[in-house]
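So the chains spell out like this:
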Amino acid sequence: MLRRVERPDLAPWRLVREPLGNLGAWPGVASALRGEQRPLALVGRWAGGGAILASEPLAVVRGPGALAVLGGAPGEGRGDAVGGGWFGWIAYEDGRALEPTVPPGPPAGLSAPTELAYYDHLLRLAPDGRWWFEALVTDARADALRARLAAVRGRTAAPGTAGLRDVRWRPPGPAGHAAAVAACVSRIAAGDLSQANLAATIEARADGHALDLLARGAATLAPDHGAAFASGERMVVSFSPELYLRRTGAAVASEPIKGTAAPGAAARAELLASAKDTAEHVMIVDLVRNDLGRVSEIGSVRVAALREPREQVGVQHLVSRIEGRLRPEASDADLIAATFPPGSVTGAPKVQALTLIGELEAVGRGVFCGAIGYRSPIAGLELSVPIRTLEVRGGAARLQVGGGIVSDSEPASEQVEVERKARPVLRALGADVPGPRPARAAAAPRALAHGRRPDPAAGLIETLRTEDGAAVAVDAHAARLAASARDVYGVEVDLAPALAAAARGTAGIGRLRADLTADGRLTTTWAPATPRAIEPLAPYVLPGGLGQHKWRDRALLDAMGRLGGTPLLLDADGEVLEAAWAAVVLVEGERRIAPPDDDRRLPSLTLRALPGLVREPFDLARLRAADDVLLAASVSGLVRPSAPA
């Protein structure tokens, strides 16, 4: 989706640079942009150092197709200015578009799709400490940019209060991460792959603006590739130490990180002597060399630095630098396609690692482990690897932190590494690593042994109960399906009139099914309701569940159902999520208990209508010990399985 103009970067432009005088430190200048459209800040080593601030873009593109704007000639890549260009992020999940053999991953939750915005002007704090107004001026925009320069000259504001609170592990938490690490080690031992990067997730509430969160955190962490973006209710705040790609002219460089230790000389010596970290690092260096070699001139790819220890963002890492020279016919889009997602946060071989990550992790990555940065016709391309990165939507914040798993990885040690990486970021924002969640055993078969996760491209469905020509709770069902269409496909649809019309004229009790395609086309089918055979519950582990959308692709659920029983989905730590076609309710004495209404499961309209319902997590052992177990679905209502799980 573009707004205002189609492709402003294709219009002839000329670079204009105007000095702005001494505006002071970047947080005060950035804070003056808080009320404007899509403000951003890049601080640290971007474009040689200093800060880049921008707002009020001319165009915005979203989704996997957004990378098309990075095609064409890559530009000269001078280092004396930035001027403007495409700024934003590339979602990790777009790796599926580049590697279509990789199965769909876990539910997105609040993950952001790719978003790039075109800014034809910016404020830049140059490495020498001077502030500049830089613009890519076209004839059509010359008057507007003169007015813009006058409006921003000398503007500063006091940074606002910002921070994190209510920090907690996202389920399945440390126990689920330990199970994922153990499963990954088993797959490595079986020869499926050599290494995979696995992450755990911390959730919190974020207070304040993205620019203020960046200012507070960067004051302590001093990241090489700090970044903040605000786009409506969505914010991205990154304290990344890692360079994914830098292209200036034809010269390309990547600086992958692998190996982590606490600060200090003793820890550095131990890190350099670690056989595990050395093996992990060298594998990723080879992977990045191969990726760059796909679009570089033959013989130009070399390792310019190997396993250099660097302290940043509260820890120290081993960093290498791989360089190459882009082939003349290759564009920035080609370069990204050859190397994305970054090797340091996937594994080796990459396709096998991407597949395993999608099986074992419980939440979609979104911006995390994708890319953040810019493409400028003057400064070239520069992207970070978004690690130590917060994604915020409507005040709900998520920090994902992981590490490379190899053959001798131990779950307890990997959890220590996750906490070591997360702690400096959380403390810089006024919080700390949460305590562990109670561990639960997940003694059940793996759901993904019977197929892949649902493919979002297949569309969405909704099922409604009809009674004598009227669709029951039609507005609520239409709103749920419309919300899914907005989140998954970015389309706005008004479905209530069509659903009500589809039920009109039917007789008795019926089942109305609505199918919605990715482009917003709706079809409906109706049939008389028939009693459902309520088979015993059959538990399966599916990390992160199916998410909050009702997928048209039911192949995985159908495959498990053919094995007998009603599939009951558990998270990686054993927490009960939902049944294949219904929500789950426990009866304990006078209490009715359902799992929390979070984004790992379909929001049940039937449960929302139950008076006195208690929402709290429970595991399989508690389900089996309950006085009764009920299944809740819109068409069937409350029914009882023939036997407990």
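Notes on the structure in this doc start here. These numbers were taken from a predicted model, which means no experiment stands behind them.

Digging into the overall build of the protein chain
Here's step 1: When you go through the protein chain residue by residue, the secondary structure sums to 15 helices and 34 strands.
Here's step 2: For 645 residues, the compact-globule estimate of 2.2 N^0.38 gives 26 Å, and the C-alpha radius of gyration of the protein chain, at 26 Å, lies within 12% of that figure.
Here's step 3: Each principal axis of the C-alpha atoms in the protein chain carries an extent, and together these give about 75 × 60 × 50 Å.
Here's step 4: Counted over contacts in the protein chain with a minimum sequence separation of 6, partners at least 24 positions apart contribute 75%.
Here's step 5: Looking at the protein chain as shown, the accessible area adds up to about 23,800 Å², and 53% of this sits on carbon and sulfur atoms.
Here's step 6: In the protein chain, which carries 74 positive and 73 negative side-chain charges, the distance between the mean positions of the two groups comes to 1 Å.

Describing the packing of helix α4 (residues 173-189) against helix α9 (residues 350-360)
Here's step 1: Running from N to C, α4 and α9 point in directions that differ by 145 degrees, and their axes come no closer than 10 Å. Crossing of α4 over α9 shows right-handed handedness. On the side of α4, the interface is formed by Ala-180, Ala-183, Cys-184 and Arg-187, while α9 contributes Leu-356, Glu-359 and Leu-360.
Here's step 2: Along the lines of polarity and charge, the residues of the contact of α4 with α9 split into five nonpolar, no polar and two charged.

Section: the packing of α4 against helix α10 (residues 411-428)
Here's step 1: Where α4 contacts α10, the axes come no closer than 9 Å and their chain directions differ by 125 degrees. When the interaxial angle is binned, α4 and α10 end up oblique. The handedness of the crossing between α4 and α10 is right-handed. Facing Pro-174, His-177, Ala-178, Val-181 and Ala-182 of α4, the residues of α10 in contact are Pro-411, Glu-414, Gln-415 and Val-418.

Let's talk about the sheet that holds strand β29 (residues 576-579)
Here's step 1: On the basis of which strands lie adjacent, the open sheet formed by three strands has the order β27-β28-β29 and mixed pairing. Across the chains shown, the open sheet's two edge strands, defined by having one partner strand only, are β27 (537-541) and β29. Here the average twist between neighbouring strands, direction ignored, is 30 degrees.

Remarks on the nonpolar core
Here's step 1: Core analysis: the biggest nonpolar cluster contains 55 residues, and Trp-86, Cys-184, Tyr-244, Leu-245, Leu-335 and Ile-336 have the highest contact counts within it.
Here's step 2: Counting residues in hydrophobic clusters, the runner-up holds 53 residues, among them Val-29, Val-43, Ala-51 and Leu-221.

Description of the packing of aromatic side chains
Here's step 1: Per the stated rule, a full pass over the model turns up six aromatic pairs.
Here's step 2: Ring centres 6.2 Å apart and planes at 50 degrees place the aromatic pair Trp-46 and Tyr-374 in the tilted group. With Trp-46 in the loop between β2 (40-44) and β3 (50-54) and Tyr-374 in strand β19 (residues 371-376), this residue pair connects regions lying 328 residues apart in the sequence.
Here's step 3: Using a relative accessible area of 3% as the deciding quantity, one classes Tyr-374 as buried.
Here's step 4: Three or more aromatic residues joined by ring pairs form one cluster here, namely Trp-46, Phe-87, Tyr-119 and Tyr-374.
Here's step 5: Residue placement shows Arg-365 over the ring face of Tyr-92; its charged tip is 4.7 Å from the ring centre.

With respect to the pattern of salt bridges
Here's step 1: Enumeration over the complete set of coordinates arrives at 62 salt bridges.
Here's step 2: Its salt-bridge partner being Arg-289, residue Asp-286 comes within 3.4 Å of it at the nearest N-O pair. Taken together, the residues Asp-286 and Arg-289, both in helix α7 (residues 275-293) and three residues apart, mark about one turn of the helix.
Here's step 3: For Asp-286, a relative accessible area of 37% corresponds to the partly exposed category.
Here's step 4: We classify Arg-289 as partly exposed; its relative accessible area is 37%.
Here's step 5: Note that Lys-421 is salt-bridged to Glu-417, the shortest N-O span being 2.8 Å. Here Glu-417 and Lys-421 lie together in helix α10, a separation of four residues that amounts to about one turn.

Here is what the cut-offs are and how they apply
- For every chain, the first residue of the written sequence is number 1, and numbering continues from 1 onward in sequence order.
- A pLDDT threshold of at least 70 governs which residues receive local features in this predicted model, and a stricter bar of 80 or more applies before side-chain atom pairs are shown or counted, although totals over entire chains, interfaces and linings include all residues.
- Think of the side-chain values as coming from all heavy atoms in the structure, minus any hydrogens and water.
- Runs of E in the DSSP output that reach at least two residues are strands. Runs of H or I that reach at least four are helices, and both are numbered from the N terminus.
- Radius of gyration: C-alpha atoms only; globule rule: 2.2 Å multiplied by the number of residues to the exponent 0.38.
- Working rule for contacts: check all heavy atoms of both residues, and any pair within 4.5 Å makes them a contact.
- Note that accessible areas follow from Shrake-Rupley with a 1.4 Å probe, and for residues the cover is restricted to the protein chains shown.
- For the purpose of charge, His is not counted, nor are the chain termini; Lys and Arg are scored as positive and Asp and Glu as negative.
- In this description, the location of a charge corresponds to atom NZ of lysine, CZ of arginine, CG of aspartate or CD of glutamate.
- Helix axes are fitted to C-alpha atoms over the stretch in contact, other axes to C-alpha atoms as well, and angles between N-to-C directions run from 0 to 180 degrees.
- The hand of a helix crossing depends on one turn: near helix anticlockwise from the far one by less than a right angle means left-handed, and clockwise means right-handed.
- Note that Gly is not counted as nonpolar here; it falls among the polar residues with everything else outside the nonpolar set of Ala, Val, Leu, Ile, Met, Phe, Trp, Tyr, Cys and Pro and the charged set of Asp, Glu, Lys and Arg.
- Note on angle classes: values under 35 degrees are labelled roughly parallel, values over 145 roughly antiparallel, values of 65 to 115 roughly perpendicular, and the remainder oblique.
- When DSSP finds two or more bridges between a pair of strands, those strands are recorded as paired.
- By nonpolar core is meant a set of buried Ala, Val, Leu, Ile, Met, Phe, Trp, Tyr and Cys residues that side-chain atoms within 4.5 Å join together.
- Burial classification: accessible surface area is computed with a 1.4 Å probe over protein chains only, and a residue below 20% of its type maximum counts as buried, one above 50% as exposed, and the rest as partly exposed.
- The criterion for an aromatic pair is that two Phe, Tyr or Trp rings (for Trp, the six-membered ring) have centres within 6.5 Å, with stacked assigned to planes under 30 degrees apart, edge-to-face to planes over 60 apart and tilted to the rest.
- Lysine and arginine charges are scored as sitting over a ring when NZ or CZ, respectively, is within 6 Å of the ring centre and within 35 degrees of the ring normal.
- Salt bridges are defined by distance alone: a side-chain nitrogen of Lys or Arg within 4 Å of a carboxyl oxygen of Asp or Glu.

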